[in-house]
Amino acid sequence: MIVEAVGVVGAGQMGSGIAHVLALAGYDVSLMDVDAERLGAAIAKIGRDMDRQVTRGVITEEGKLLGLQRIRTTVRLPELGKSDLVIESATGKEAVKQKIFDDLAEHLRPETILTTNTSSLSITRLAGGTSRPEQFMGLHFMNPVPVMQLIELIRGIATSKETFEAVRGVVERLGKSAVVAEDYPGFIVNRLLIPMINEAVYALYEGVGSVADIDSSMKLGANHLMGPLELAVFIGLDTCLAIMNVLHDGLADTKYRPCPLLVKYVEAKWLGRKVGKGFYDYRGPEPVPSR
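Residues numbered from 1 in each chain as written. Predicted model: local features only at pLDDT ≥ 70, side-chain atom pairs only at ≥ 80, totals over all residues. Heavy atoms only, no water.

**Re the pattern of salt bridges**
1) Next: Taken as a whole, this structure holds 19 salt bridges when the rule is applied.
2) Next: For Arg72, the salt bridge is made with Glu79, and the minimal N-O distance between the two is 2.6 Å.
3) Next: On the basis of relative accessible area, Arg72 is assigned to the partly exposed category, the value being 34%.
4) Next: Take Glu79: its relative accessible area is 23%, and that puts it in the partly exposed class. (Salt bridge = Lys/Arg side-chain N within 4 Å of Asp/Glu carboxyl O. Buried < 20%, exposed > 50% of the residue type's maximum accessible area, 1.4 Å probe, protein only.)

Structure below.
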């Protein structure tokens, strides 16, 4: 299976980052979103991020221009059917993901590989809802995609060896590092990371420490580049809660129970940096801890 043309579903932060790295690696990229304005914003962001890479000497000006030329945008999902590989990165909601794959089905070439950028959902279950489970697997990029080196590769129970090797070849061409995770809730990264964040929220909830002290403790005491609460608002508290719910439901262990304070912040729509408020308030000149 040779991959040259890649369709990316979703032009949000993850989808635009995935399109960015694919284009720089020489792939022809079709970036699809139902919102034309979001597509325009995604291309503008990719251009700005590539400009920073040029400034740092990571890529050349010519490389940037060639990369941007390799990305085309569309609001029509069927146009991705001619791709060799489709990467779904549109939503964290399983029902919406399944509908995307359903809507794509009749437009796909027989050899097209389907992947999802899910950070925690069952690959086997998603694959089982398609007509080609042997050509389906998880391809989990880290955020921000152009910066982070890791990609998790997750096989479903039916994923073929040919599919796996073709997708691993894409990761190698991107110049990133792959780890192979089994199809269990949260895979590797989020199985370890999100419960740590949840425990930090419990420490705040129980009054063990303030936002600033909890984050400082892990940065200065454990040599983390970012404190767990600071990281949580970067990821998005709604995303953290959704992953905790997947872990809790899928593993049936009370240690994965989401902290009530995390639930309250999500109910209040205090989701983090993307809305300007979470465990920090970002609406002023400097972030201010909210508790």
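**Re the UniProt feature "domain: 3-hydroxyacyl-CoA dehydrogenase NAD binding" (unreviewed entry) in the protein chain**
1) Next: According to UniProt, the "domain: 3-hydroxyacyl-CoA dehydrogenase NAD binding" (unreviewed entry) feature falls on residues 6-183.
2) Next: What you have in residues 6-183 is 40% helix and 21% strand, and the ends, taken at the C-alpha atoms, are 24 Å apart. (UniProt positions renumbered as here; feature names shortened; annotations may be inferred. Helix = DSSP H or I, 4+ residues; strand = E, 2+ residues; numbered from the N terminus.)

**Remarks on the packing of aromatic side chains**
1) Next: All told, the structure shown has 5 aromatic pairs when counted by the stated rule.
2) Next: Ring plane angle 50° and centroid distance 6.2 Å describe the contact between Tyr280 and Tyr282, whose orientation is recorded as tilted.
3) Next: A relative accessible area of 11% places Tyr280 in the buried class.
4) Next: A relative accessible area of 22% places Tyr282 in the partly exposed class.
5) Next: Among the aromatic residues, those joined into a ring-pair cluster are Tyr265, Trp270 and Phe279.
6) Next: The residue whose ring lies beneath Arg155 is Phe164, and the NZ or CZ to ring-centre distance is 4.2 Å.
7) Next: One Lys or Arg, Lys277, reaches over the ring of Trp270 and ends 3.9 Å from the middle of that ring. (Phe/Tyr/Trp six-rings, centres within 6.5 Å; stacked < 30°, edge-to-face > 60°. Lys NZ or Arg CZ within 6 Å of the ring centre and 35° of its normal.)

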